[in-house]
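# Per-entry structural report
As a plain string of letters, each chain reads:
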Amino acid sequence: MINDLVDLSLIYGDQNPVDLAIQLLTAILLSFLVRFYYMRYAAPMGNLGNIGNVLPILSVVTFLVILIVKTSLALSLGLVGALSIVRFRAPIKDPMELTFIFIAIAIGLGTGAGKHWITTVAILIVLIIDFVRIQFAKQELHGKTLLIDIPGADGVKTAEQLLAILNEVIGSMRLSRLELGEENLTVVAQLDVVSEDDIQTAIGRIREMNNKAKCTLFDSKPVW
């Protein structure tokens, strides 16, 4: 009787519900794997508002959309019309963020279309390639520029403490600018070969010294 009232083919087409459950589980697991990888290895340094937390949601939503429209030409055309009026205003400044957004969408597309095995293999290959790229990039990590701005600094004493922290944690660096005003201290330091952990430690020490300190890291030799 239920089958007479509800056409189950509208929900999952001619696929087995168990297969759909496996595809959905695959999408969820892959998306959380990508989220972990992004936030652990690929997220921009010091970026607390990264897009890592929305990647699983994006993958599952894409999976749902593909699952609904793939069995109906009318729904597919309706989706095209609906997306044509959507405008995304959030700026994406980092190419890595855009790349991982496409990866999350690819997970939803692949699993929603029933290609969960090849999607899993492809995503794992992509993550391995990017991990290797990051390891090579770490070996070439140099030419960093660290901009430090401390409002309300108490003059020479703060400058001496700041330089002591940089010399202790970073070690190899060149001071290209030190501007001591009446109400702020600005320092620009050129960092030689250092690790990301050392930079994070130095920034943490600087903020412990003065919680108003603003630190900006520039990469003069882009990894991409």
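Quick caveat, the model's predicted, so the values are computed rather than measured.

## Considering the overall build of the chain
For the chain, the count of helices and strands is nine helices and four strands. Within the chain, residue pairs in contact and separated by at least 24 positions form 71% of the contacts whose partners lie at least 6 positions apart. With the model as given, the accessible surface of the chain reaches about 14100 Å², and the carbon-plus-sulfur share is 64%.

## Let's talk about the pairing of strand β3 (residues 184-191)
With six of eight residues buried, β3 lies mostly within the body of the structure. Both strand β1 (residues 144-151) and β3 contribute to a ladder of eight bridges, which runs antiparallel. When the bridges of β3 are listed, L146 appears paired with A189. With seven bridges joining them, strand β2 (residues 173-180) and β3 adopt antiparallel strand pairing. Opposite M173, over in β3, you have L191 as the bridge partner.

## Focus: the packing of helix α3 (residues 17-42) against helix α6 (residues 95-112)
Close contact between α3 and α6 brings their axes to 9 Å; oriented N to C, the two are set at 170 degrees. Considering the angle they form, α3 stands roughly antiparallel to α6. Here the hand of the crossing between α3 and α6 comes out right-handed. Residue-level contacts link Q23, T26, A27, L30, S31, V34, Y37, Y38 and A42 of α3 to M96, E97, F100, I103, I107, T111 and G112 of α6. Looking at the contact of α3 with α6, its residues break down into ten nonpolar, five polar and one charged.

## Here's the deal with the packing of aromatic side chains
Scanning all chains against the criterion turns up four aromatic pairs. Centre to centre, the rings of Y37 and Y41 are 5.2 Å apart; their planes meet at 40 degrees, and the pair counts as tilted. Highlighted residues: Y37 and Y41, both in helix α3, separated by four residues, approximately one helical turn. Ring geometry for Y37 against F100: centres 6.0 Å apart, planes inclined by 20 degrees, an arrangement best described as stacked. Within this pair, whereas Y37 is found in helix α3, its partner F100 is found in helix α6, the two being separated by 63 residues in sequence. F100 shares its class with Y37; the two are buried. The structure contains a cluster of three or more aromatic residues connected by ring pairs, namely Y37, Y38, Y41, F100 and F131. The lysine or arginine in question, R40, covers the ring of Y41, its NZ or CZ lying 4.9 Å from the ring centre.

## Notes on the pattern of salt bridges
Opposite charge on two side chains permits them to pair, given that their charged atoms come into close proximity. Tallied over the full model, the rule gives one salt bridge. The salt bridge partner of R133 is D130, with a shortest N-O separation of 2.9 Å. Of this pair, R133 and D130 are both found in helix α7 (residues 116-139), three residues apart, which corresponds to roughly one turn of the helix. You can call D130 buried: its relative accessible area is 11%.

## Quick notes on α6
A rise of 1.5 Å per residue sets the reference length of α6, with its 18 residues, at 26 Å; its end C-alpha atoms lie 26 Å apart and thus fit the reference within 8%. When α6 is considered as a whole, its buried residues turn out to be M96, E97, F100, I101, I103, A104, I107, G108, G110, T111 and G112. Remark: G114 follows α6 within two positions and exhibits a positive phi of approximately 85 degrees.

## Thoughts on helix α4 (residues 55-69)
In an α-helix there are 3.6 residues to a turn, and that puts residues three or four apart on one side. Taking 1.5 Å as the rise per residue, α4 with 15 residues should run 21 Å; its terminal C-alpha atoms sit 21 Å apart, in good agreement. Every buried residue of α4 is listed here: L55, P56, S59, T62, F63, I66, L67 and V69.

## Regarding a nonpolar patch on the surface
On the surface, L33, F36, Y41, L124, I128, F131, V132 and F136 cluster together to form a nonpolar patch covering roughly 710 Å² of accessible area. Breaking the nonpolar patch down by element, the ones donating at least two residues are α3 and α7. When residues of the nonpolar patch are assigned to their parent elements, the largest contribution, five residues, is made by α7. For I128, the location among the structural elements is in helix α7.

Cut-offs applied
Residues numbered from 1 in each chain as written. Predicted model: local features only at pLDDT ≥ 70, side-chain atom pairs only at ≥ 80, totals over all residues. Heavy atoms only, no water. Helix = DSSP H or I, 4+ residues; strand = E, 2+ residues; numbered from the N terminus. Contact = heavy atoms within 4.5 Å. Areas by Shrake-Rupley, 256 points an atom, 1.4 Å probe, with all protein chains shown as cover. Buried < 20%, exposed > 50% of the residue type's maximum accessible area, 1.4 Å probe, protein only. Pairing = 2+ DSSP bridges. Axes fitted to C-alpha atoms, helices over the stretch in contact; angles between N-to-C directions. Parallel < 35°, antiparallel > 145°, perpendicular 65-115°, else oblique. Left-handed = near helix turned anticlockwise from the far one by under 90°. Nonpolar A, V, L, I, M, F, W, Y, C, P; charged D, E, K, R; others polar. Phe/Tyr/Trp six-rings, centres within 6.5 Å; stacked < 30°, edge-to-face > 60°. Lys NZ or Arg CZ within 6 Å of the ring centre and 35° of its normal. Salt bridge = Lys/Arg side-chain N within 4 Å of Asp/Glu carboxyl O. Expected span 1.5 Å × (residues − 1). Patch = residues over 30% accessible without salt bridge, like charges linked within 9 Å, V, L, I, M, F, W, Y side chains within 5 Å.

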